[in-house]
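Topology and contacts: notes
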Amino acid sequence: MDAVDVAADLSEVLFTSDQIAARLSEIAAQIDADYAGTNPLLVGVLNGAVMVMADLSRALSIDCAMDWMAVSSYGMGTHSSGVVRILKDLSTDLVGRHVLVVEDIIDTGLTLTYLMQNLASRNPASLEIMTMFRKPDAMKIQVDVKYIGFDLPNQFVVGYGLDYSGRYRNLRDVGILAPHVYS
Ligand code: PRP
């Protein structure tokens, strides 16, 4: 699905699929260099990271493994508490592995802060983060991110894995959701 297919639902297109692919190629080249010879484990956080994981992993020239976690926030709001329940854990033992967490977006930073503490306790050789998007103005806690695709405005953004009520994840481009969709 392209932005033109849902043009009435978007107030602005922020990044086209071509821009996303070009940025991913740049990041993949950095990861190729940084992780050469290490067979890193890419850890995707379901569901939103499916798109970036699929595209990033195939843009890499180095061999890598992949595994997945599914998490859910405790509390009233979607990300309000910062305490995360693990719905699906990794199948891979992290001891001695070079682990790169792959995310679609860092919003408040609470999910990744919790996840990174959890993963660090499993004694990986290294632990870093790649996120396709970040909302600097929404962050409640600083997260050290090694690879960032693009910064986003603090608005309702959909596409490339980012959803609104389960919709628009399969939009190839990324855009700001028009207020009439959610008001
Ligand atoms: C998104 C995203 C991160 C989290 C970031 O997941 O994939 O995991 O929110 O938010 P935070 O920085 O405020 O903690 P979401 O819970 O929306 O689930 P999804 O991946 O299934 O869309």
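Residues numbered from 1 in each chain as written. Predicted model: local features only at pLDDT ≥ 70, side-chain atom pairs only at ≥ 80, totals over all residues. Heavy atoms only, no water.

Some details on the sheet that holds strand E1 (residues 10-15)
For the record, the criterion: A pair of strands is labelled paired if DSSP reports no fewer than 2 bridges between them. Labels follow the DSSP assignment, with helices taken as runs of H or I lasting at least four residues and strands as runs of E lasting at least two, numbered in each case from the N terminus.
Strand order in the open sheet formed by three strands is E1-E9-E8, and the pairing between neighbours is antiparallel. Only two strands of the sheet have a single neighbouring strand rather than two, namely E1 and strand E8 (157-158). Looking at chain direction, E8 and strand E9 (residues 174-177) are connected through two bridges and run antiparallel. Its bridge partner lying in E9, valine 157 is registered against isoleucine 176.

Overview of the site of the ligand
What counts is decided by this rule: Nearness is defined per residue: one heavy atom within 4 Å of the molecule or strand is enough. For this analysis, a polar contact is any N or O atom pair within 3.5 Å, provided that within protein one partner can donate a hydrogen and the other can accept it, and provided that sequence-adjacent residues contribute only side-chain to side-chain pairs. In these tables, accessible area is a Shrake-Rupley quantity obtained with a 1.4 Å probe, and a residue counts as shielded only by the protein chains included in the view.
Of all residues adjacent to the ligand, which total 15 residues, the nearest are Glu103, Asp104, Thr108, Gly109 and Thr111. Threonine 108 is positioned such that a nitrogen or oxygen atom in its side chain is 2.5 Å from an oxygen atom of the ligand. Between the ligand and the protein, one listed contact pairs an oxygen atom with a side-chain N or O atom of arginine 169 at 2.9 Å. Protein chains shield 83% of the accessible area of the ligand, which is 500 Å² for the free molecule.

Description of unusual backbone geometry
For residues besides glycine, phi is generally negative; the peptide bonds are generally trans as well. Let me state the cut-off plainly: Exposure categories follow from relative accessible area, calculated using a 1.4 Å probe and restricted to protein chains: below 20% of the type maximum is buried, above 50% is exposed, and the middle band is partly exposed.
Residue asparagine 47 is bonded to the preceding leucine 46 through a cis peptide linkage, with omega at 5°. A positive phi angle, close to 40°, is found at asparagine 39, a residue other than glycine. Within the fold, asparagine 39 resides in the loop between helix H1 (17-34) and strand E2 (41-46). For asparagine 39, a relative accessible area of 36% puts it in the partly exposed group. Of note in the backbone geometry, tyrosine 168 takes a positive phi value of approximately 75° without being a glycine. Along the chain, the position of tyrosine 168 falls in the loop between E8 and E9.

Looking at H1
Selection rule: Expected span, for any helix, means 1.5 Å times one less than how many residues it has. To be clear, the arc concerns the directions from the helix axis to the C-beta atoms. For this analysis, residues touch if any pair of their heavy atoms sits within 4.5 Å.
An ideal rise of 1.5 Å per residue puts 26 Å on 18 residues; H1 measures up with 25 Å between its terminal C-alpha atoms. Among the residues making up H1, those that are buried are Ile20, Leu24, Ile27, Ala28, Ile31 and Asp32. Relative to the axis of H1, the buried residues are bounded by an arc of 145° and lie together on one face. Every exposed residue of H1 that faces more than 90 degrees away from the buried side is listed here: Asp18 and Ala33. Contacts made by the buried residues of H1 are with E1, helix H2 (50-59), strand E5 (98-106), strand E6 (126-134), strand E7 (147-151) and E9.

Describing the environment of isoleucine 31
For isoleucine 31, the location among the structural elements is in helix H1. As a C-alpha pair, isoleucine 31 and isoleucine 62 span 31 residues in sequence and 8.6 Å in three-dimensional space. Each residue touching isoleucine 31, except ones within four places of it in the same chain, is listed here: Ala36, Leu56, Leu60, Ile62, Leu100 and Tyr147.

Examining H2
Here H2 has its buried residues at Val52, Met53, Leu56 and Ser57. For H2, the angular spread of buried residues about the axis comes to 115°, placing them on one side.

Looking at the sheet that holds E6
Put simply, the rule is: In this description, a line fitted to the C-alpha atoms serves as the axis of each element, helices being fitted only across the stretch in contact, and the angle between N-to-C directions of two axes falls anywhere from 0 to 180 degrees.
The strand order across the open sheet formed by six strands is E4-E3-E2-E5-E6-E7, and the pairing between neighbours is mixed. Strands at the two margins of the open sheet, each flanked by one partner only, are strand E4 (84-88) and E7. On average, adjacent strands in this sheet sit at an angle of 30° to one another, irrespective of strand direction. As defined by bridge partners, strand E3 (residues 65-73) adjoins E4 across four bridges and the pair is classed as antiparallel. Paired with serine 72 across the two strands is arginine 85, which belongs to E4. Sheet contacts for H1: E5, E6 and E7; angle to E7, the most-contacted strand, approximately 160°. Set on the sheet, helix H3 (residues 110-120) makes contact with E2, E3, E4, E5 and E6; between it and E6 the angle comes to about 160°.

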